[in-house]
Amino acid sequence: MIGFDWLMLAEVSFAGLGSGGLYALAGLAFVLIYKATRVVNLAIGEMLMMGAYFFFAATSSMGWPIWIGIIAAVIGSGILGAVIERLLIRPMLGEAPISVFMITVGLSSILVGTVELIWGADQLRLPDFMPSDTVLIGEAMVSPKIFYGFLAAVALIACVLLVFRFWRGGVALRATASDQAAAYSMGIDVPRVFSLTWVVAAMVAAIGGIIVGSISSLSPTMGVFGLSVLVVVIVGGLDSVPGALVGGLLVGLVESWTGTYFGGEFKLLATFSLLVLILMVRPYGLFGTHEIERL
Amino acid sequence: MKLSRWLTVLLAAAGIALAPAAQAQEEIVIGGSIPMTGVFAFAGIGINAGLQDYFKIVNDAGGIKGRKIRYVFEDTGYKPDVSVAAFKKLTGANKISLYYGDSTAFSRTINPELERLGSIMMAGASLATEINDPKKFPAQFMAGPDYSEQIGILLRHIAKEKPAAKVAIVYSDSEFGRDPVNEFREMSKKLGLTVAVEIQTAPGSVDVSTEVIKLRRADPDYTIFHGYILAPIPEFVTQMKKSGSKSHFMGTFWTMDSSTVMKMGEAGDGFMGVMPYRYYYDTSAKAPMLDKIRQLHPEYQNTPYLQGFLTAMLFVESAKRTLEAGKPLDAKNLKAALNSIKNFDTGGLIGVPITIKGNSVPVGRIYRADMKTQKMVPASDWIVVE
């Protein structure tokens, strides 16, 4: 391997892990909803987009400071999550999963339309708020936005894992996810848990949206990012938080290596090949719950 | 009453009845599938305003050989199927001679229909190289250089500024992005430039860090972006500049609107690109048509507006030449009239007189972003692709 550019491999791998962190963050929002409510939320990319637009409205349009803008975007997204759950998802409780799935497909169109009505279809730029100097890990250069975005994503995922482990609401959520009937019988307010899940997931998605928007740009097509997230959560396991993390990092790395050594046109091919491979070996994803359904 | 007198009365009555119809036929109807909403709305709204303004100027001055222009359009949302439906609806309800189409997909889809009808000449927002083929697209044209010609203009400028320079192209994995890549390779070779790297980005990709790593290692003197409006260009430029790269960054027409480039912020300072028209605020030379536009609109008008305006000028000039030759307004005659345009003065919209031999106007100029004044300033003379 004399002559192989190891430094480039290191830089590319760091970049892959960085973007994988963002996938993991968005994947976390998806998994939270699926885990608690069994809803496959195809509008996750658009929820992420809404968070970024709320941030844009607070900082660029209202002129608020960055940190207040982040808090406003997170709260705004939380409220949006609650409204979505109350108006669109809760009335569908007990209906066929495909019906709820189609509701989320419609929801994504509604959110895109709302953004186009309020902010238009043009690409917008978020104010630069992350440090802009290149980060050096050893001799390897890493993009600052990706580096700090990755740190934020890991910190948030760690927070969510701790909340699940120790907070009463988190325990209620896990109980609901395991067995709804048993959770009811133990006095857990299951509809409230559903609401809480959508609120928390929307808030997590908002942070993901702000980071993704600051790396790229804002536009109503930003929700396409959600498609990559779908791959991540299927690879990791639809109901597994650690799965979202591992799946995100894995997809990020594979995309990064493929893009560098084979070309950008092979990225999607590699990602979906990975998906097929994982599904053939582990149909429930790397960490997904293996359910046996008897008919 | 004698039979002959009856006939005279009947003919007179028929004449009165047909008079409004005859008058309506006097109008020249121009149609348009315009993306007033959707992802291309920023361009569609400008294009529409440019077309409308020039038609109004012509109508206020008495029309084309006394015939007024009537412009009819439908919003397409930048969807080819909706564009085709709009075309069918508008051509079904009006006798249209000239038409504006909104995309390459529409230009390609509607081409057999244009050939079948034989009555309409079309121009549009598409600057795709394949449309610039008079044999395959005999009834179409574009009011600017196609993407390959734009790359040619950029490379000519580079070869003049720094002979034997290392050049790179970063393009999106889309039909739009891939369009001029062959021309980039061939023209670079012809001009003695070295291709440092070609980088393709996946559509909708958010993070371009890995692509930046590749670009940084290739260390090009010039980097051309194509197939994007804005993202991911600012991220490329920022990361490259932060890593100490001295590369000059360039774009093609749809990136080059002043407001788009200014969104790049500080990192965009010095960003260059090819522009077929003078910017709205460019007062570096006499431009009576731009003066007129500035009188109509004291506020900035974007580059798609100028594209729409010039397209309208070429529509009108073709119709005028056809009528002056006493020929009917059909696709063949209109296109022949368009191709008879030699050394045409655009009133300063383009800095040199234009000649249209094929389906494009192969002229452009390099402009550079000056973030201090928040304006694009000329960085080259006008370059004509032969």
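From a predicted model like this one, the values you see are computed outputs, not experimental measurements.

Cut-offs applied
- Residues numbered from 1 in each chain as written.
- Chains lettered and ligands numbered in written order.
- Predicted model: local features only at pLDDT ≥ 70, side-chain atom pairs only at ≥ 80, totals over all residues.
- Helix = DSSP H or I, 4+ residues; strand = E, 2+ residues; numbered from the N terminus.
- Rg over C-alpha atoms; globule rule 2.2 N^0.38 Å.
- Buried ≥ 20, exposed ≤ 12 C-beta atoms within 10 Å, placed from the backbone.
- Contact = placed C-beta atoms within 7 Å.
- Axes fitted to C-alpha atoms, helices over the stretch in contact; angles between N-to-C directions.
- Parallel < 35°, antiparallel > 145°, perpendicular 65-115°, else oblique.
- Left-handed = near helix turned anticlockwise from the far one by under 90°.
- Nonpolar A, V, L, I, M, F, W, Y, C, P; charged D, E, K, R; others polar.
- Domains from an automatic or database assignment.
- Expected span 1.5 Å × (residues − 1).
- Arc of directions from axis to C-beta.
- Pairing = 2+ DSSP bridges.
- pLDDT = per-residue confidence, 0-100.
- Core = buried A, V, L, I, M, F, W, Y, C linked by C-beta atoms within 7 Å.
- Right-handed = clockwise from strand over helix to strand, strands pointing away.

It is worth spelling out the overall build of chain B at this point. Each helix and strand in chain B was counted, giving 13 helices and 13 strands. The globule rule puts the C-alpha radius of gyration for 386 residues at 21 Å, and the 23 Å found for chain B is close to it. Taken over the C-alpha atoms alone, chain B extends approximately 100 × 40 × 35 Å along its principal axes. Expressed as a percentage of the 386 residues in chain B, the buried residues total 53%. Expressed as a percentage of contacts within chain B between residues at least 6 apart in sequence, the contacts between residues at least 24 apart total 67%.

Turning to the overall build of chain A, a few remarks are in order. Looking only at helices and strands, chain A features 11 helices and two strands. Starting at the N terminus and walking to the C terminus, you meet the elements of chain A as α-α-α-α-β-β-α-α-α-α-α-α-α. Taking 295 residues into account, the globule formula puts the C-alpha radius of gyration at 19 Å, and chain A, at 19 Å, falls close to it. When the backbone C-alpha atoms are referred to their principal axes, chain A occupies close to 65 × 50 × 35 Å. For chain A, the proportion of its 295 residues judged to be buried stands at 50%.

All names here are of chain A. Contact geometry for helix H9 (residues 225–236) and helix H10 (residues 241–261): axes closest at 7 Å, N-to-C directions at 120°. In terms of orientation, H9 lies oblique with respect to H10. The hand of the H9/H10 crossing is right-handed. Across the interface between the two elements, Ser 228, Val 231, Val 232, Val 233, Val 235 and Gly 236 from H9 touch Gly 243, Ala 244, Val 246, Gly 247, Gly 248, Leu 250 and Val 251 from H10. Considered class by class, the residues forming the contact of H9 with H10 number eight nonpolar, five polar and no charged.

Here the focus is the packing of helix H8 (residues 209–218) of chain B against helix H9 (residues 233–242) of chain B. All names here are of chain B. Two numbers describe how H8 lies on H9: the axes approach to 10 Å, and their chain directions differ by 50°. As summarised for this structure, H8 and H9 are arranged oblique, according to the angle between their axes. Between H8 and H9 the crossing geometry is right-handed. Along its contact with H8, which presents Val 212, Leu 215 and Arg 216, the element H9 presents Phe 236, Gln 239 and Met 240. For the contact of H8 with H9, the per-class residue count stands at four nonpolar, one polar and one charged.

The next thing to look at is the domain arrangement of chain B. All names here are of chain B. Split into domains, chain B comes out as domain 1 (12–145 + 287–355) and domain 2 (147–275 + 365–384). Centre-to-centre separation of domain 1 and domain 2, based on C-alpha positions: 31 Å. Across the boundary between the two partners, domain 1 contributes 11 residues, which contact 17 residues of domain 2. Here the side of domain 1 that touches domain 2 is built from residues that sort into five nonpolar, six polar and no charged.

Attention shifts here to the interface of chain B and chain A. At the interface, 31 residues of chain B touch 34 residues of chain A. Elements that contribute at least two residues to the side of chain B that touches chain A include exactly helix H2 (41–60), strand E7 (194–201), H8 and H9 of chain B. Here the element with the most residues in the side of chain B that touches chain A is H8(B); it accounts for seven residues. Of the residues in the side of chain B that touches chain A, the class split is 13 nonpolar, 10 polar and eight charged.

Residues and elements named next belong to chain A. With 15 residues, helix H11 (residues 267–281) should cover 21 Å at 1.5 Å per step; its first-to-last C-alpha distance of 21 Å lies within 8% of that length. Along H11, the residues classified as buried are Lys 267, Thr 271 and Ile 278. The buried residues of H11 occupy an angular sector of 30° when the element is viewed end-on, so they sit on one face. In this structure, H11 carries Leu 269, Phe 272, Val 276, Leu 277 and Met 280 as exposed residues pointing more than 90 degrees from its buried face. Packing partners of the buried residues in H11 comprise H9 and H10.

Residue and element names in this part refer to chain B. What the five strands build is an open sheet, ordered E2-E1-E3-E4-E5; its pairing is parallel. Edge positions in the sheet fall to strand E2 (69–75) and strand E5 (140–141), since each has one partner strand and no second. Pairing between strand E1 (residues 28–34) and strand E3 (residues 96–101): four bridges, direction parallel. Note that in E3 the partner of Gly 32 across the bridge is Tyr 100. In the packing of helix H4 (residues 104–117) onto the sheet, contacts are made with E1, E3, strand E4 (121–124) and E5, and the angle to E3 comes to roughly 160°. Packed on one face of the sheet, helix H13 (residues 331–339) meets E3, E4 and E5 and runs near 55° to E4.

All names here are of chain B. Put simply, chain B has an average pLDDT of 92, and 93% of its residues get 70 or more. Note on residues 14–24: pLDDT under 50 across the span, and zero contacts to partners over four residues away in sequence or across chains. Predicted complex, confidence summary: ipTM 0.82, pTM 0.86.

Here the focus is unusual backbone geometry. All names here are of chain B. Here the residue pair Ala 231 and Pro 232 is connected by a cis peptide bond, since its omega of 5° sits within 30 degrees of zero. The residue Pro 232 is located in the loop between strand E8 (222–226) and H9 in this model. Here Tyr 78, not a glycine, exhibits a phi torsion of approximately 60°, which is positive. Structurally, Tyr 78 can be placed in the loop between E2 and helix H3 (80–93). C-beta crowding within 10 Å serves as the criterion here: with 24 such atoms nearby, Tyr 78 is assigned to the buried category. Of note, the phi angle at Ala 164 is positive, near 60°, even though the residue is not glycine.

Before going further, it helps to spend a moment on the nonpolar core. Counting residues in each nonpolar core, the largest one holds 207 residues, and the members touching the most others are A:Leu25, A:Ala26, A:Leu28, A:Ala29, A:Ala52, A:Val204 and A:Ala205. A domain split of this core shows at least three residues from each of domain 1 (12–145 + 287–355) and domain 2 (147–275 + 365–384) of chain B. Apart from residues lying up to four places away in sequence, A:Ala26 is in contact with A:Ile44, A:Leu48, A:Ala205, A:Gly208, A:Phe225 and A:Val229.

Residues and elements named next belong to chain B. Relative to the helices and strands, Val 208 resides in the loop between E7 and H8. The buried category is assigned to Val 208, around which 28 C-beta atoms lie within 10 Å. Separated by 35 residues in the primary sequence, Val 208 and Ser 243 place their C-alpha atoms 14 Å from one another.

What follows is about the pairing of E1(B). Residues and elements named next belong to chain B. Counted residue by residue, E1 has seven buried out of seven residues, so it is predominantly covered. Of the two faces of E1, the one carrying Ile 28, Ile 30, Gly 32 and Ile 34 and the one carrying Val 29, Gly 31 and Ser 33 are both buried. With seven bridges joining them, E1 and E2 adopt parallel strand pairing. Considered in E2, the bridge of Val 29 is made with Arg 70. In this view, the connection linking E1 to its parallel neighbour E2 by way of H2 has right-handed handedness.

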